[in-house]
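Chain residues, written in single-letter form:
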Amino acid sequence: MDSLIPFTTSGSLVDCVDRKMLVVLRDGRKLQGVLRSYDQFANLVLEDTVERIYHQDVFAELKRGLFLIRGENVVLLGEIDLDQEDDVPLRQVDWAVLEPYHRQEIIDKKHRDEAKAQILYERKGFCKEGGEGDGY
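Note that the structure is a prediction, hence the values are computed from the model and not measured.

K.L.:
Tell me about the overall build of the protein chain, and name the residues and values.
P.N.:
Counting its regular elements, the protein chain contains 1 helix and 6 strands. Put simply, the protein chain runs from its N terminus to its C terminus through helices and strands in the order β-β-β-β-β-β-α. Looking at the 136 residues of the protein chain, the share that counts as buried comes to 23%. Taking the contacts inside the protein chain whose residues are at least 6 apart along the sequence as the reference set, 50% of them involve residues at least 24 apart. Of the accessible surface of the protein chain, which amounts to about 10,200 Å², a share of 52% is contributed by carbon and sulfur atoms.

K.L.:
Summarise unusual backbone geometry; cite the residues concerned and give the values.
P.N.:
The bulk of non-glycine residues show a negative phi, and the bulk of peptide bonds are trans. Positive phi values are uncommon outside glycine, yet Asp18 reaches one of about 70°. Note on placement: Asp18 falls in the segment before strand 1 (20-25). A residue is classified by how much of its surface remains accessible, and Asp18, at 52% relative accessible area, is exposed. Positive phi, close to 65°, is recorded for Ala42, a residue that is not glycine. Here Ala42 is to be found in the loop between strand 2 (30-38) and strand 3 (44-55). The exposure class assigned to Ala42 is partly exposed, which follows from its relative accessible area of 25%.

K.L.:
Which residues make up the nonpolar core, and what values go with them?
P.N.:
By size, the foremost hydrophobic cluster in this structure holds 11 residues: Leu13, Cys16, Met21, Val23, Leu25, Leu31, Leu35, Leu44, Leu46, Phe67 and Ile69. Of all elements in the fold, only strand 1, strand 2, strand 3 and strand 4 (58-69) reach the threshold of two or more residues within this core. If we ignore the near neighbours within four places in the chain, the residues touching Cys16 are Met21 and Leu35. Formed by 6 residues, the second largest nonpolar core is a distinct cluster that contains Ile53, Val58, Ala60 and Trp95.

K.L.:
Outline the environment of Leu76, supporting the account with residue identities and numerical values.
P.N.:
Relative to the helices and strands, Leu76 is located in strand 5 (residues 74-79). A relative accessible area of 43% means that Leu76 is categorised as partly exposed. Spatially, the C-alpha atoms of Leu76 and Arg26 are 8.9 Å apart, while their sequence positions differ by 50 residues.

K.L.:
Tell me what's going on with the layout of surface pockets, and back it up with residues and numbers.
P.N.:
The space that makes up the second largest pocket amounts to roughly 220 Å³. Lining the second largest pocket, in full, are Leu22, Gln32, Arg52, Tyr54, Phe59, Ile80, Asp81, Glu85, Asp86, Val88 and Leu90. Considering only residue class, the lining of the second largest pocket consists of 6 nonpolar, 1 polar and 4 charged.

What counts and what doesn't
- Residues numbered from 1 in each chain as written.
- Predicted model: local features only at pLDDT ≥ 70, side-chain atom pairs only at ≥ 80, totals over all residues.
- Heavy atoms only, no water.
- Helix = DSSP H or I, 4+ residues; strand = E, 2+ residues; numbered from the N terminus.
- Buried < 20%, exposed > 50% of the residue type's maximum accessible area, 1.4 Å probe, protein only.
- Contact = heavy atoms within 4.5 Å.
- Areas by Shrake-Rupley, 256 points an atom, 1.4 Å probe, with all protein chains shown as cover.
- Core = buried A, V, L, I, M, F, W, Y, C linked by side-chain atoms within 4.5 Å.
- 1 Å grid on protein atoms, 1.4 Å probe; cavity = no way out; pocket = protein on both sides within 12 Å on 5 of 7 lines; lining within 4 Å.
- Points joined across faces, edges and corners; volume = space filled by probe spheres on them.
- Nonpolar A, V, L, I, M, F, W, Y, C, P; charged D, E, K, R; others polar.

Written out as structure tokens, the structure is:
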């Protein structure tokens, strides 16, 4: 009977080892790399990691190499379909070209989130506690 219960722990990652994965972190960064190892806390080791940023219909990549990710910072982990990876209708540009737009988007999002938090605090009595990246 127990064999019918699906894994809901880090043990479910066993099939993902040595596969190309996308990891979205609490701070919003998106990393792609080959999952090489993990532990009981879902800490991950990615090899050949690149960080990707997006703006409209373009993206840029920055090579990060070997990357250790603390499990509590992972919001999403998914396997990249290698057959469909090249079919994405996005154009790659240089990191230096896209980074200013990306930074401005982060600043704009922070201002919107602060305004929302203030409205919820004033009108609904919500607490404004929590740090950066606690939205997940």
